[in-house]
Protein chains: 2
Amino acid sequence: MNPIKVGLLGIGTVGGGTFQVLRRNQEEIRGRAGRGIEIAMVADLDVERARSIVGDACTVVGDAREVIANPEIDIVVELIGGYGIARTLVLDAIKAGKHVVTANKALLAVHGSEIFAAAREQGVMVAFEAAVAGGIPIIKALREGLTANRIEWIAGIINGTTNFILSEMRSKGLDFGTVLKEAQRLGYAEADPTFDIEGVDAAHKATIMSAIAFGIPVQFDQAHVEGITALQATDIKYAEQLGYRIKLLGIARRRENGIELRVHPTLIPAGRLIANVEGAMNAVLVQADAVGTTLYYGKGAGAEPTASAVIADLVDITRLATADPDHRVPHLAFQPDAMNDTPILPMDQVQTAFYLRLRVADQAGVLSSITTILAEHEISIDAVLQRESAEGESQTDLIILTHDTREGRMREALARMQALPTVLAPIVKLRKEELA
Amino acid sequence: MNPIKVGLLGIGTVGGGTFQVLRRNQEEIRGRAGRGIEIAMVADLDVERARSIVGDACTVVGDAREVIANPEIDIVVELIGGYGIARTLVLDAIKAGKHVVTANKALLAVHGSEIFAAAREQGVMVAFEAAVAGGIPIIKALREGLTANRIEWIAGIINGTTNFILSEMRSKGLDFGTVLKEAQRLGYAEADPTFDIEGVDAAHKATIMSAIAFGIPVQFDQAHVEGITALQATDIKYAEQLGYRIKLLGIARRRENGIELRVHPTLIPAGRLIANVEGAMNAVLVQADAVGTTLYYGKGAGAEPTASAVIADLVDITRLATADPDHRVPHLAFQPDAMNDTPILPMDQVQTAFYLRLRVADQAGVLSSITTILAEHEISIDAVLQRESAEGESQTDLIILTHDTREGRMREALARMQALPTVLAPIVKLRKEELA
């Protein structure tokens with residue numbers, strides 16, 4: 001049987017990795033897929049560089065539209081990134097009847113509904129295992145492996161840059177700025193790290209997972225996005241004393257009245273497996289009604305880990321191309337007519353526990369005035385850590401862990417606590433999840 | 001579209017769980033699969049009990065052959081277990097043109113080749129996600145998610161009973177016999193726990209994974225099988241002092257001259273994620289060339305976790321039933337003509353590091369005579385832990401960690417050490433893996 005023909009749009013890190021792995025493991029892959037997979041054409045603005053990577057193995061062009069126009073190409077792999085030209089090319093490829101593989105989480109989190117609708121209309125597949133958690137087959141696990149389950153929540157360390165930074169901050173006691181520079185030097189953070197450290201990248205991925213888990217459309221604009229730039233080494237230390245680690249989690253959780261979709265630094269019990277995921281590694285924890293807790297761990301980025309996911313998609317498409325379109329794996333796990341409109345909850349209605357750090361005057365009655373406010377807002381306290389004030393100092397740190405409450409309630413209580421004359425600095429507020 | 005019709009052979013724990021989950025989540029599952037999945041017929045020797053579980057929802061019969069003979073049944077789910085009648089029924093179902101789903105690792109590890117050949121001949125699928133690591137979608141991950149990779153090794157905690165026992169022995173310092181009784185009382189170990197504690201169950205699962213990973217036939221008879229019955233609390237304690245945990249691992253590893261396939265108690269560095277998998281939980285660590293290390297964690301047994309895997313298989317079959325048979329996911333990951341005959345290595349040729357505990361006379365020259373023997377067999381030493389002998393005692397424990405060596409070489413060295421007059425008791429030998 002003829003190999004299936006693939007056109008690559010963009011041959012940077014992931015494109016290069018895909019080309020290398022397909023070549024190195026071609027026999028292995030053909031042995032599994034039952035059909036060869038051939039990169040027949042590559043488009044890249046930098047034609048010279050592209051040619052230096054692929055040699056004479058395939059045609060190189062500067063204009064991606066040539067790949068899309070080529071009737072011999074069965075699958076287009078979009079590795080350009082961003083929402084701009086990538087969106088146009090993906091939609092054009094779909095219109096031309098090509099199946100599409102993409103690693104572009106930003107594009108899918110923002111324009112996924114439009115893209116999936118176009119694909120359904122044309123009867124083609126859009127596959128995106130590489131868009132979430134790199135080489136970890138988490139899309140496949142959620143969409144197929146756990147298909148029997150009602151998924152309750154997903155909590156993921158899905159951005160390697162921020163997990164590397166948090167791991168270093170904790171193990172070395174360094175502050176955010178110092179570690180960020182180290183991460184940039186080591187290549188774990190980009191020159192412009194905004195999307196990573198502000199939580200946007202994690203939110204793109206959490207958005208995609210929320211759609212697959214709960215049968216809702218991708219709605220990145222409804223996600224609460226909070227990064228790690230404001231996180232202080234002090235809080236990592238206090239959290240550790242209380243038995244917690246701080247991780248940037250992407251969380252999608254089903255509640256009675258809607259879906260929580262949020263990315264923020266989160267305290268998790270140090271004994272949980274996911275609390276021990278260090279460095280640039282990713283992990284996704286899934287709670288589902290039948291299977292219980294499962295966890296998926298691996299490299300979330302890099303040339304070959306991401307290529308591993310891209311190629312898995314190529315093989316899946318090769319298999320399912322011959323299946324009745326109505327029986328292929330649906331893009332967002334659920335058949336279009338089985339999607340629902342459960343709302344994503346506004347942040348005020350989200351339920352979590354909290355870690356609060358208050359800089360307070362070291363005098364009688366302070367703890368009582370604060371706990372009274374919490375009680376009046378029906379927020380119950382889990383633990384209090386009162387630091388001895390240093391010799392000659394008249395102020396100290398008061399750390400409070402609460403039980404679960406609504407964010408809106410906490411906001412009101414915080415405003416009142418902040419107004420107390422004995423509270424001497426802006427209160428630090430972090431969320432806490434037991435993940436059990 | 002009509003629901004796909006399923007016949008259940010055996011409705012014990014897993015069968016009951018499958019029935020419950022399919023009913024509870026039927027809307028969710030239909031929404032994903034695009035087609036309803038209906039248990040239309042159940043066969044169980046205990047017709048009364050079966051009827052008390054399924055009520056009027058479907059036909060109950062006492063003879064499994066009635067299910068197989070029913071032309072309305074599309075998929076037969078075998079949940080009887082064992083190699084006997086289960087083998088006959090699975091082969092008969094295949095001959096009758098039914099797809100088969102089974103959770104029966106023993107059957108597949110021993111008779112897999114015969115069963116898969118029969119299925120290919122009939123153009124039907126045999127799916128067995130539930131046979132390895134319960135609800136964790138590890139078969140799907142290995143066979144589809146990592147399809148781009150050359151898999152280097154797999155190391156799994158794939159038996160919950162033994163992991164529960166080892167966790168308890170470590171955390172409570174108790175001996176094997178005491179903990180086994182506790183495990184039986186809590187339902188984590190069966191009345192006859194032989195298959196679990198002797199490593200047979202783990203070896204069945206490791207055998208199935210070895211075939212999928214390396215494109216070789218299932219060869220349970222070639223597996224090295226060693227359980228935890230001889231393991232002493234003392235060694236768990238010494239291992240901990242040296243920075244290791246002891247886990248019963250199922251290992252399948254590619255070497256230049258063949259495949260290692262073995263189950264035995266193994267020291268692993270305490271910092272590894274898999275070393276922290278506690279209680280009855282399962283986890284599988286996979287090392288592959290493109291993606292690097294990935295880990296899959298979850299419940300390896302129980303009614304609903306296993307049902308989760310059974311139902312995922314039912315949905316997969318529903319999807320792939322309409323696909324060209326040559327493009328379905330191959331039973332053992334590789335297409336039949338791409339399988340290879342790489343041999344499984346005899347244990348003498350297997351390479352691991354070792355933990356040795358020697359009861360020795362507390363006198364000059366003992367350590368030297370032992371290290372000389374190791375040196376003469378080209379076994380290099382990683383660490384030595386020499387216990388102070390207790391007050392008035394003339395003997396002590398000597399613990400040695402070695403670097404990687406061949407098992408055959410170690411056997412020769414051990415025979416010579418054992419013969420030394422200063423070695424006062426049988427030497428305890430455990431294998432150690434860095435898993436990195």
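Cut-offs and rules
- Residues numbered from 1 in each chain as written.
- Chains lettered and ligands numbered in written order.
- Predicted model: local features only at pLDDT ≥ 70, side-chain atom pairs only at ≥ 80, totals over all residues.
- Heavy atoms only, no water.
- Patch = residues over 30% accessible without salt bridge, like charges linked within 9 Å, V, L, I, M, F, W, Y side chains within 5 Å.
- Areas by Shrake-Rupley, 256 points an atom, 1.4 Å probe, with all protein chains shown as cover.
- Salt bridge = Lys/Arg side-chain N within 4 Å of Asp/Glu carboxyl O.
- Helix = DSSP H or I, 4+ residues; strand = E, 2+ residues; numbered from the N terminus.
- Buried < 20%, exposed > 50% of the residue type's maximum accessible area, 1.4 Å probe, protein only.
- Arc of directions from axis to C-beta.
- Contact = heavy atoms within 4.5 Å.
- Domains from an automatic or database assignment.
- Buried area = accessible area lost by both parts, 1.4 Å probe.
- Polar contact = N/O pair within 3.5 Å; in protein donor to acceptor, adjacent residues only side chain to side chain.
- Nonpolar A, V, L, I, M, F, W, Y, C, P; charged D, E, K, R; others polar.
- Pairing = 2+ DSSP bridges.

Enquirer: What exactly am I supposed to notice about a nonpolar patch on the surface here?
Expert: Residue and element names in this part refer to chain A. Residues Y83, V110 and F195 make up a contiguous nonpolar surface patch of roughly 250 Å² in combined accessible area. Inspection of the secondary structure puts F195 in helix α10 (residues 194–197). Judged by its relative accessible area of 43%, F195 falls in the partly exposed class.

Enquirer: Explain helix α9 (residues 176–186) of chain A here, please?
Expert: Residue pairs spaced three or four apart in an α-helix point in one direction, given the helix's 3.6 residues per turn. Residue and element names in this part refer to chain A. Turning to α9, its buried residues number three or more, namely F176, V179, L180, E182 and A183. End-on, the buried residues of α9 take up no more than an arc of 160°, which puts them together on one face. Facing away from the buried surface of α9 by more than 90 degrees, the exposed residues are K181 and R185. Contacts made by the buried residues of α9 are with α8 (160–172) and α10. Downstream of α9 by one or two residues, G187 has phi in the positive range, about 85°.

Enquirer: Even after reading the chapter, I still don't get the domain arrangement of chain A, so can you show me in this structure?
Expert: Residue and element names in this part refer to chain A. Assigned domains within chain A: domain 1 (4–127), domain 2 (138–299) and domain 3 (350–432). Just the C-alpha atoms count here: the centres of domain 1 and domain 2 sit 28 Å apart. At the junction of the two partners, domain 1 supplies eight residues and domain 2 supplies 10 residues. In total, about 690 Å² of surface goes out of reach between domain 1 and domain 2, with carbon and sulfur atoms giving 69% of it. Between domain 1 and domain 2 we count one residue pair in polar contact (both at pLDDT 80 or more) in total. Its residues assigned to classes, the side of domain 1 that touches domain 2 shows five nonpolar, two polar and one charged.

Enquirer: How do you make sense of the sheet that holds strand β1 (residues 4–9) of chain A when you look at a structure like this?
Expert: Sheets are built from strands paired through backbone hydrogen bonds, the pairs being either parallel or antiparallel. Residues and elements named next belong to chain A. Taken in spatial order, the six strands of this open sheet run β3-β2-β1-β4-β5-β6, and their pairing is parallel. In this open sheet, the two edge strands, each paired with only one partner strand, are β3 (59–61) and β6 (126–127). Pairing between β1 and strand β4 (residues 75–78): four bridges, direction parallel. Across the sheet, the residue bridging to L8 is V77, located in β4.

Enquirer: Can you help me understand the interface of chain A and chain B in this one?
Expert: Often the size quoted for an interface is simply the accessible area lost on bringing the parts together. Contact with chain A, which involves 63 residues of that partner, is made by 63 residues of chain B. For the pairing of chain A and chain B, the buried interface totals around 5,000 Å² over both sides, and the portion due to carbon and sulfur atoms is 57%. Where chain A packs against chain B, one counts eight salt bridges. In this structure, E28(A) engages R254(B) in a salt bridge whose closest nitrogen and oxygen atoms are separated by 3.5 Å. Where chain A packs against chain B, one counts 24 residue pairs in polar contact (both at pLDDT 80 or more). Listed by contribution, the elements that provide at least two residues to the side of chain A that touches chain B are α1 (13–24), α2 (26–33), α7 (138–145), β12 (292–299) and α13 (303–320) of chain A. For the side of chain A that touches chain B, the per-class residue count stands at 29 nonpolar, 17 polar and 17 charged. In this structure, β12(A) lies alongside strand β12 (residues 292–299) of chain B, joined through three bridges in antiparallel fashion.

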